[in-house]
Amino acid sequence: MKQIISTKEAHAWAEALRLELLRQKRAVGDPRAPMRARPGQEEAFEKVEANLARAELILKLLAMEALRT
């Protein structure tokens, strides 16, 4: 049986995911220039940035859904 979660639970999950992705970005990012990757970590940095953009899109859609209901 498919489990149904509320919008608040989905928002909390997406926010936790976003925070974890930010931690990962910090781990592979250059400490002196946070918008750049450490040498040799470029691929991981770009992957985390792409995932972070997806998580932010999910949060935006959940916020729009919350306003709609």
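This report concerns the structure included in the present document. This structure is a prediction, so every number in the text was calculated from the model and none was measured.

Helices and strands together make up the secondary structure of the protein, namely 2 helices and 2 strands. Mapped in sequence order, the helices and strands of the protein form the string α-β-β-α. For 69 residues, the compact-globule formula gives about 11 Å, and the C-alpha radius of gyration of the protein, at 15 Å, lies well above that figure. Over its C-alpha atoms, taken along the principal directions, the protein stretches across nearly 45 × 30 × 15 Å. Per-residue burial over the protein gives 20% buried out of 69 residues. Excluding contacts between residues fewer than 6 apart, the proportion of contacts in the protein whose partners are at least 24 apart in sequence is 49%. Summed over all atoms, the accessible surface of the protein reaches about 5800 Å², with 58% contributed by carbon and sulfur. Taking the 13 positively charged and 10 negatively charged side chains of the protein as two groups, their mean positions are separated by 3 Å.

With 22 residues, helix α1 (residues 7-28) extends 32 Å between its outermost C-alpha atoms, agreeing within 8% with the 32 Å of an ideal straight helix rising 1.5 Å per residue. Looking at α1, one finds that the buried residues are A10, A14, L21, K25 and V28. For α1, the arc enclosing every buried residue in end-on projection is 65°, short of the 170-degree limit, so these residues lie on one face. Counted as exposed and oriented over 90 degrees from the buried face of α1: K8, R23 and R26. Buried residues belonging to α1 abut β1 (29-30), β2 (33-37) and α2 (42-68).

This part covers the packing of α1 against α2. With their axes 9 Å apart at the nearest point, α1 and α2 run at an angle of 160° to one another. Here α1 is positioned roughly antiparallel relative to α2, judged by the angle of their axes. With respect to the hand of their crossing, α1 and α2 are arranged in left-handed fashion. Across from T7, A10, H11, A14, E15, L17, R18, L21, L22, Q24, K25 and V28 in α1, the residues of α2 making contact are A44, F45, V48, E49, N51, L52, A55, E56, I58, L59, L62 and A66. Its residues assigned to classes, the contact of α1 with α2 comprises 15 nonpolar, 4 polar and 5 charged.

Within the secondary structure, A16 sits in helix α1. Taking relative accessible area as the criterion, A16 reaches 44% and is therefore assigned partly exposed. In sequence terms A16 and A55 are 39 residues apart; their C-alpha atoms lie 9.7 Å from each other.

What counts and what doesn't
- Residues numbered from 1 in each chain as written.
- Predicted model: local features only at pLDDT ≥ 70, side-chain atom pairs only at ≥ 80, totals over all residues.
- Heavy atoms only, no water.
- Helix = DSSP H or I, 4+ residues; strand = E, 2+ residues; numbered from the N terminus.
- Rg over C-alpha atoms; globule rule 2.2 N^0.38 Å.
- Buried < 20%, exposed > 50% of the residue type's maximum accessible area, 1.4 Å probe, protein only.
- Contact = heavy atoms within 4.5 Å.
- Areas by Shrake-Rupley, 256 points an atom, 1.4 Å probe, with all protein chains shown as cover.
- Lys, Arg positive; Asp, Glu negative; His and termini not counted.
- Charge placed at Lys NZ, Arg CZ, Asp CG, Glu CD.
- Expected span 1.5 Å × (residues − 1).
- Arc of directions from axis to C-beta.
- Axes fitted to C-alpha atoms, helices over the stretch in contact; angles between N-to-C directions.
- Parallel < 35°, antiparallel > 145°, perpendicular 65-115°, else oblique.
- Left-handed = near helix turned anticlockwise from the far one by under 90°.
- Nonpolar A, V, L, I, M, F, W, Y, C, P; charged D, E, K, R; others polar.

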